[in-house]
Amino acid sequence: MEKVHAVEIIKHTEINEIVFYISEFTYKLSHIHRDMELSLVLDGEFFVRTNDEFYEASAGSIFVFNPYKPHEFISRGGLCRMMTIHIKKQFCRNYFPVFGNLSFKQSNVSEAFDQAPLERLRLCIFNLAYNYYLEEFGFELRCYSDLNAIIYLLVRTMPFEVFSDKETSGSRQQEGRLTRLLTYMEEHYQERLTLKALAESEGISASYLSHFIRRQLGMSFQAYMNMLRFERRSSF
């Protein structure tokens, strides 16, 4: 397999609920984010793999990943480049609170859109990028406007489900546990960390933890630790 190559080439300070960056890669190991992720491919061709999806992406493709959804990118040859927006759950909660309980049913945005609205979505993403990096006075207002337009197009076109407050509360408890576990693994990946030790840190059984990690990440504890160590080594 080609050597892992993944580098973030541009990143500015986040604007409250928005983080925007451009990255280059030939391969991105399976990873997750706490925020919703929306990406537009600029160059290259690669495969996208999640727990339940596998599809091809190329220049112009757009995809969205719900928080904590593992995803992996595998180049078909050559360097790939894409723009990515991380959208925090708190975004638009004061006027569109359903967003915090919303989960898209698929990741491949391009597949769900007709050509005309897909072009409008691409334009909104490019406008957001332009305003984000130009940083003229009041650029935050333009960025929030662009992101609202992006979310509007997504919820009007993409299939999604909305969880109840009770379901969302239960989901957030699991997300909190997953966050603690991931933080612990990232802090101790250089040590000989065992599943038993990790389970003890959370006060649960090793058997339950094993099933929890596989269900949440789509891989075993050992597979994730191997991935994490390899990723950290390759970043130096």
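The structure under discussion appears in the preceding block.
Note that the coordinates shown come from a computational prediction; the quantities given were computed from them, not determined experimentally.

A. Representation of the pairing of strand 7 (residues 62-65). Here strand 7 shows two buried faces, one formed by I62 and V64 and the other by F63 and F65. Taken together, the 4 bridges between strand 4 (residues 36-43) and strand 7 define a ladder with antiparallel strand orientation. Each bridged residue has a counterpart across the sheet, and for L40 the counterpart in strand 7 is I62.

B. Representation of the nonpolar core in the model. In terms of nonpolar packing, the biggest core is built from 36 residues, with I85, L121, I125, L147, I150 and L154 touching the most fellow members. Secondary structure elements with two or more residues in this core: strand 2 (18-25), strand 4, strand 7, strand 9 (80-87), strand 10 (102-104), helix 2 (115-134) and helix 3 (139-157). The element that contributes the greatest number of residues to this core is helix 3, accounting for 9 residues. Ignoring any residue separated from it by four or fewer positions in sequence, one finds L121 in contact with I62, V109, F113, I150, L153 and L154. Y68, M185, F221 and Y224 belong to the second-largest nonpolar core, a separate cluster that totals 24 residues.

C. Summary view of the packing of aromatic side chains. Following the criterion strictly, the structure yields 14 aromatic pairs and no others. Seen in terms of ring centroids, F20 and Y132 are 5.5 Å apart; in terms of plane orientation they differ by 35°. Their pairing is tilted. Of this pair, F20 sits in strand 2 while Y132 sits in helix 2; the two residues are 112 residues apart in sequence, bridging distant segments of the chain. The pair F20 / Y132 is uniform in exposure class, with both members buried.

D. Main features of the environment of A112. Mapping A112 onto the fold places it in helix 1 (residues 109-112). Given a relative accessible area of 27%, A112 falls into the partly exposed group. When the C-alpha positions of A112 and L154 are compared, they lie 9.4 Å apart, and in sequence the two are 42 residues distant. Beyond its immediate stretch of four places on either side in the chain, A112 contacts Q106, T157 and M158.

E. Up close: the packing of helix 5 (residues 195-202) against helix 6 (residues 206-217). For the pair helix 5 and helix 6, the least separation of the axes is 9 Å and the interaxial angle reads 95°. Classified by the interaxial angle, the pair formed by helix 5 and helix 6 is roughly perpendicular. Only A206, L209, S210 and I213 of helix 6 make contact with helix 5, whose side of the interface consists of L195, K196, L198 and A199. Along the lines of polarity and charge, the residues of the contact of helix 5 with helix 6 split into 6 nonpolar, 1 polar and 1 charged.

Scoring rules and cut-offs
- Here, residues in each chain are numbered from 1, in the same order as that chain's written sequence.
- The model is predicted, so local features are restricted to residues of pLDDT at least 70 and side-chain atom pairs to those at 80 or more, both for listing and for counting; the totals for chains, interfaces and linings are taken over all residues.
- As a convention, hydrogens and water are excluded, and side-chain values are obtained from all of the structure's heavy atoms.
- Type-normalised accessible area, obtained with a 1.4 Å probe on protein chains alone, sets the label of each residue: buried when under 20%, exposed when over 50%, and partly exposed for intermediate values.
- Strands are runs of DSSP state E lasting at least two residues, helices are runs of H or I lasting at least four, and both sets are numbered from the N terminus onward.
- Two strands pair if DSSP finds at least two bridges between them.
- Buried residues of nine kinds, namely Ala, Val, Leu, Ile, Met, Phe, Trp, Tyr and Cys, make up a nonpolar core once their side-chain atoms join them within 4.5 Å.
- Contacts between residues were defined by any pair of non-hydrogen atoms, one from each residue, lying within 4.5 Å.
- Note on aromatic pairs: the rings of Phe, Tyr and Trp (six-membered ring only in Trp) are paired at centre separations within 6.5 Å, and the planes decide the class, stacked below 30 degrees, edge-to-face beyond 60, tilted for the rest.
- Axes here refer to lines fitted to C-alpha atoms; in helices the fit is confined to the stretch in contact. Angles between the N-to-C directions go from 0 to 180 degrees.
- Orientation categories follow fixed angle ranges, with anything under 35 degrees roughly parallel, anything over 145 roughly antiparallel, 65 to 115 roughly perpendicular, and all other angles oblique.
- Following the grouping adopted for this structure description, the nonpolar residues are Ala, Val, Leu, Ile, Met, Phe, Trp, Tyr, Cys and Pro, the charged ones are Asp, Glu, Lys and Arg, and the polar ones are all others, Gly among them.

From the geometry alone we can't say anything about function, so treat these as descriptive.
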